[in-house]
Amino acid sequence: MNRMFLRTLALTSTTVVAGVSLAACGSDSSSDDNMLAAIEAGEVTVGTKFDQPGLGLRNPDGTMSGLDVDVAEYILNYIAEDNGWDEPSIDWRETPSAQRETLIQNGEVDLIAATYSINASRAESVNFGGPYLLTHQALLVAEDEAEITGLEGLDGKILCSVTGSTPAQKVKEALPSVQLQEFDTYSSCVEALRQGNIDAMTTDATILLGYSAQAPGQFKVLEMEQDGEPFTNEYYGIGLTKDDTEGTDAVNAALTELHESGEFDVLVDKNLGGDEAVSPGTPGDLSFLE
Ligand code: GLU
């Protein structure tokens, strides 16, 4: 399987930019809107995906697995230990792409780790820790697909993606003529592809490689490029309540340690199969948004 273009972003610097918080301390300590208070209280609700193998998956026995699941657990346990609190119990909550900002704003989840790309419009309504990983938008097609070879071959084809996702938005902008079907979840797109009802699906390479690995011989993952560059950069972040500076700094400290300890590479190997090229980056550095 070609994993060449799946690039993880290593978190090399310990620099965390401390923001100025006017209202963070001593205000509302209810677990509804403050991740740190929820960790201290011992019960945290974490939003993730339930249908994305290798990233966020609810197994038939009810257990959770995937890189985002492991990263969220690492963050929570690191923060608990750092503060002398017990490891919290986690209530996993499914957070489909289009609902993530709303579920954070409503206080229904304390944090989100769900293949959640950091972008400027989302950052208006939520805070992001990270980035902890960089991947790129790609295509999943049937193994014997001959006409679609990348972005160019999509004209007139039926393409599937998920409502409220950055790949759906980007492909609409770049190819207004493409027939885009938007579902709530990527597993619905995979099913439609399997049935032959669509020609291709598009989202992050990480996600597509996970589906492809689950069904050997059925699908292939194709790179998308524009002018020799990856079509998009998807920097994954941890979603938090808007203006929760203290919580965001704590997440970034945990992510820095996750990288420096070598544990991040272990988790990538375990969940995504391992031979990805790693490029440098800094938690708390959102300069790519500029
Ligand atoms: N990372 C992209 C996004 O946040 C696509 C994956 C997803 O929909 O979760 O929109």
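Under an unreviewed UniProt entry, the chain has the name Glutamate-binding protein and belongs to Corynebacterium alimapuense. UniProt, in its Sequence similarities (unreviewed entry) section for the chain, records the words "Belongs to the bacterial solute-binding protein 3 family."

Peer 1: Please explain unusual backbone geometry as it appears in this structure.
Peer 2: Backbone geometry follows two general trends: most residues other than glycine have a negative phi, and most peptide bonds adopt the trans configuration. The amide bond that connects G130 to the next residue, P131, takes the cis arrangement and shows omega of 10°. Mapped onto the fold, P131 is located in strand β8 (residues 126–135). The phi dihedral of D227 is positive, around 50°, even though this residue is not glycine. Here D227 shows up in the loop between β14 (225–226) and β15 (229–230). For D227, a relative accessible area of 78% corresponds to the exposed category.

Peer 1: Please clarify how the environment of F288 should be interpreted in this entry.
Peer 2: Tracing the backbone shows F288 in the segment after β17 (277–281). The spacing of F288 and A120 is 168 residues in sequence and 9.8 Å in space, taken between C-alpha atoms. The residues touching F288, leaving out its near neighbours within four places in the chain, are I118, P131 and Y235.

Peer 1: Could you clarify how one ought to interpret the state of the cysteines in this entry?
Peer 2: When the sulfur atoms of two cysteines share a covalent bond, that bond is a disulfide. Going through the model one piece at a time under the given rule, you end up with 1 disulfide. Each sulfur in the disulfide pair C160 and C189 lies 2.1 Å from the other. Its S-S torsion of approximately -75° makes the covalent link between C160 and C189 left-handed. Placement of the pair is C160 in strand β10 (residues 158–162) and C189 in helix α5 (residues 186–195), with a sequence separation of 29 residues.

Peer 1: In this structure, what is going on with the pairing of strand β9 (residues 137–142)? I would like to understand it.
Peer 2: Looking along a regular strand, one sees the side chains alternate between the two faces of the sheet. With 5 of 6 residues buried, β9 lies mostly within the body of the structure. Where β9 lies against strand β13 (residues 219–223), 5 bridges are found, and the strand directions are antiparallel. Considered in β13, the bridge of L139 is made with L222.

Peer 1: Can you help me understand the packing of aromatic side chains in this one?
Peer 2: By convention here, two paired aromatic rings are described through the distance between centres and the angle between planes. Throughout the structure, instances matching the rule amount to 4 aromatic pairs. Geometrically, the ring pair formed by Y74 and Y78 is stacked, given 6.3 Å between the ring centres and 15° between the ring planes. With Y74 and Y78 both in helix α2 (residues 67–83) and 4 residues apart, the pair spans about one turn of that helix. With a relative accessible area of 25%, Y78 lands in the partly exposed category.

Peer 1: Quick question: what am I supposed to make of the sheet that holds strand β4 (residues 56–58) here?
Peer 2: In a beta sheet, neighbouring strands are held together by backbone hydrogen bonds and run either parallel or antiparallel to one another. One open sheet accounts for 3 strands, arranged β3-β4-β5; its pairing is antiparallel. Both edges of this open sheet fall to β3 (51–52) and β5 (64–65), since each of them pairs with a single strand only. Judged from the 2 bridges that link them, β3 and β4 form a sheet pairing that is antiparallel. Bridging across to β4, Q52 finds its partner in G56.

Conventions adopted
Residues numbered from 1 in each chain as written. Predicted model: local features only at pLDDT ≥ 70, side-chain atom pairs only at ≥ 80, totals over all residues. Heavy atoms only, no water. UniProt positions renumbered as here; feature names shortened; annotations may be inferred. Helix = DSSP H or I, 4+ residues; strand = E, 2+ residues; numbered from the N terminus. Buried < 20%, exposed > 50% of the residue type's maximum accessible area, 1.4 Å probe, protein only. Contact = heavy atoms within 4.5 Å. Disulfide = S-S within 2.5 Å. Pairing = 2+ DSSP bridges. Phe/Tyr/Trp six-rings, centres within 6.5 Å; stacked < 30°, edge-to-face > 60°.

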